[in-house]
Every structure is written in C-alpha cells, then in structure tokens.
Amino acid sequence: MMNYENMLSDRAKIIKPSGIRKFFDLASQMDDVISLGVGEPDFTTPWTIREAAIYSIEKGKTFYTANRGLLELRKEICDYYQRRFHVSYDPETECIVTVGGSEGIDIATRALINPGDEMIVLDPGYVAYTPSVELSGGIPVSITLRHEDQFKLTPELLKAAITPKTKVLLMNYPSNPTGGFMTKEDYEKIVPIIKESGIIVISDEIYAELSYEDEFCSIASFDEIKDQCIVISGFSKAFAMTGWRLGYVLCNPIISKAMLKIHQYIIMSAPTAPQYGAIEGLRRCEDEVLMMRDSYLTRRNFCVKAFNDMGLETFKPQGAFYVFPCIKSTGLTSDEFCEQLLNDQKVACVPGTAFGKAGEGFIRVSYAYSIEELKIATEKIKIFVDKLKNK
Ligand SMILES: Cc1ncc(COP(=O)(O)O)c(C=O)c1O
C-alpha cells in the first residue's frame, strides 16, 4: 500500500483540524446533548429571500453569472454598505460576490501574501485565519488580546507586532469568539499606525449588523486608510443564510482585480439562485435583520447575567452572538472544563483554546439559540460549576 501521508503537501500537513469540529465529533457520539457550540443563527432565512431564489430557479436562471457576481447584486451590496456603514465602493471594479466570507478570507490572503510575509492575526480569533495564512506560505504572527481590554486591538499591541516583514493585519470586529467590539474611538487610535506602516487590513465585518449598544464602525470608513482596507462580509449571519454560501469582498480596484483572477479559477462565480435571493434580502429585509438582532440582544443579556450569577466572570459583548465566560476560577483548563461539562451535564460549549492560545481560561458560548434552550443549558452549567466549587 502506498504511503499517502508522504504524498501530501507540506502546507496541507501543517494546518490543524478545527478545534470546534474535534469537540463536536465527541458530542455527536452522545445522546440528548444540548449544544451552545455552533456559530449559526437559529432563524430560517427570511421568506422574501427564499421566494426570490425559488422564483429565479422557476424562471430558469440556472446559469453562471459574471465572475464578479450579478451586477444588480453588486449594486445593491455597494448601496447597502454606503447606506448602513458609510463607505462607498464601485460595483463594477471594487466588489466581488464570493462563496461566503470564507472564500473572501482565502482569496484576499492569497492575493497578498508571498512566502515569508508576515500576517498579523488576533488571538483569540476565528478558526480559519491562521490556516489561511499558512496555506499561502505566509507566517502568522499572533497578537495576544487581553480580557481586561475586552479583547480590543490596542495601539500598543499593534505597534509591538509590526515588523518590516508585516504585510497584512487580519481583524474581525464584532469578534468571533469573544464578542469584542471596536468603536470609532477605538479605531481612531490605531488608524495612524496603519497609515504610517502601510500595511493592508483585511477587516472581517461579517457580524457588522449584529452590533448592540454602539453603532458599528467599519475601519474602511476612515478615508486616510480606505484604500489599504479589504472588507470581507456576507449574508450568513445577519440574514440567516449560512447554507446559501454567499458573501462579498470590497476593496480598491487593483487588489480586487487580483482577487478576481483567483476567484475565477477556483470558483468561477458564486451560486446563482442565492444571488437572486440576496438582492431581495438587501432591498426588503432590513426590518427582519433588525428583528433578529433585537432577539440576539435579549439572549445576550440573559447569558451575561446567567454566567456572572454562577460566578463565571463574563463581560458584556457589544456584538456578534457569542459570550466568552472566564472559567479560570474553577481551576480547570478550557479543554477540561468543556469535556467534563459534556460528560457530566451533556452541554456542549467550545474551549477558548480552539481560537488560539489566548483563549485558555475561557469558553465560547453561542447564544444563537432559543431562550428556552439557553435557560436549560445555563441551569445545567450552574449545577456543574456548583459541584466543582463544593469538591
Ligand atoms: C468571523 C467569521 N468570519 C467568517 C465566517 C465565515 O462565514 P461564511 O458562512 O460567510 O463563509 C464566520 C463563520 O462562522 C465567522 O465567524
């Protein structure tokens, strides 16, 4: 038998399987597990969107679209970003419709990174970022974010991480997994550093619409660095469209053209029916997006209180749909906590370490679940935590 391990590329070998998957493989072998693990809305996609996609299929619109995506959709996306987040892009040259934000992260990284280039990623951070840098042959450089800063990127941390080899900063606010948030004032402190160093910022803004107390601010809204920014976003989270696989990338025409070359060879064009659905989503579903956001807000408030009441310190996240309780007081590691909680109470959360070393001492809890489920799950977690205290 041939040794197929030897056939694999070094890059395929170097990337690690996702820590989230690893844990859910464990959970899937048990019955009656309550999961607070998945980062996916519990809402079904708004009907208007589903109807428009079905209608497009009925009409026989089953062909490839332009590589960049339907121009009608790109116009809606650019209008939407301007209307909601005050950044303007040209639909003809600065917008690509992608297969989720996931593809956007990949093609942005590949369009920019040469072997040996450094790309700054934030720790804790979304699981796909480091592998994406590694697959491009780049060197991921982690910034360890701090709980006491509510996991914001501070000017001190950014300055210390930039070297002559730094090419890109990849950031994501509102953040998965921490729920951390950057206000306009927070950005004002790091924008001069970005301008002066000339690095490119890939800003994953996929949770932009799920912002609570403060208004969402896109880093690309700072004119002085707008051309240095690549905005990644999509429909999965705010429009409850995870399975449709639709996202987009907004950036200056030169980088956009390079990304388009990669996109046209690996994807050709994003799926057609979802594009028709998304046009209607952007035109007619803003109220529904707001309704979902308000529902997440109620659940956030419930979770923050529940975890703090049981003695697990949890700051109030200003966006996305995750809380990031600190479990250091239990004396367990994140992995131990999640494994024991799963075995003892059949509740699945994700160890903070699935998102980087700095996630040690934390667990990620998704609150994209009904209040009833959240109540049952947090009661069970309380029983587990109380048992630990009395040991
Ligand atoms: C921060 C972040 N970026 C990107 C994605 C990928 O989303 P999409 O479904 O658009 O590929 C996710 C999904 O969990 C995410 O949390």
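Residues numbered from 1 in each chain as written. Predicted model: local features only at pLDDT ≥ 70, side-chain atom pairs only at ≥ 80, totals over all residues. Heavy atoms only, no water.

1. Structural notes on the overall build of the protein
Then comes step 1: When helices and strands are tallied, the protein shows 13 helices and twelve strands.
Then comes step 2: Against the 2.2 N^0.38 benchmark of 21 Å for 391 residues, the protein shows a C-alpha radius of gyration of 21 Å, consistent with a compact globule.
Then comes step 3: Considering only C-alpha atoms, the protein reaches an extent of 65 × 60 × 50 Å along its principal axes.
Then comes step 4: Within the protein, the proportion of its 391 residues that are buried is 57%.
Then comes step 5: In the protein, the share of contacts with a sequence separation of at least 24, taken over all contacts with a separation of at least 6, comes to 76%.
Then comes step 6: When the accessible surface of the protein is split by element, carbon and sulfur atoms take 52% of a total near 17100 Å².
Then comes step 7: Here the protein holds 44 positive side-chain charges and 53 negative ones, and the gap between their average locations is 2 Å. (Helix = DSSP H or I, 4+ residues; strand = E, 2+ residues; numbered from the N terminus. Rg over C-alpha atoms; globule rule 2.2 N^0.38 Å. Buried < 20%, exposed > 50% of the residue type's maximum accessible area, 1.4 Å probe, protein only. Contact = heavy atoms within 4.5 Å. Areas by Shrake-Rupley, 256 points an atom, 1.4 Å probe, with all protein chains shown as cover. Lys, Arg positive; Asp, Glu negative; His and termini not counted. Charge placed at Lys NZ, Arg CZ, Asp CG, Glu CD.)

2. So, the sheet that holds strand β5 (residues 166-171)
Then comes step 1: In spatial order, the strands read β2-β8-β7-β6-β5-β3-β4; together these seven strands make up an open sheet with mixed pairing. With one partner strand each, in any of the chains shown, β2 (95-98) and β4 (139-144) form the two edges of the open sheet. Along the sheet, successive strands turn relative to each other by an average axial angle of 20°, direction set aside.
Then comes step 2: Across four bridges, strand β7 (residues 229-234) lies against strand β8 (residues 247-250) in antiparallel orientation. Paired with valine 231 across the two strands is leucine 250, which belongs to β8.
Then comes step 3: Sitting on the sheet, helix α5 (residues 100-112) touches β2, β3 (118-123), β5, β6 (200-204), β7 and β8, and the angle it makes with β7 is about 160°. (Pairing = 2+ DSSP bridges. Axes fitted to C-alpha atoms, helices over the stretch in contact; angles between N-to-C directions.)

Everything listed here is a matter of coordinates, which is why it stays silent on function.
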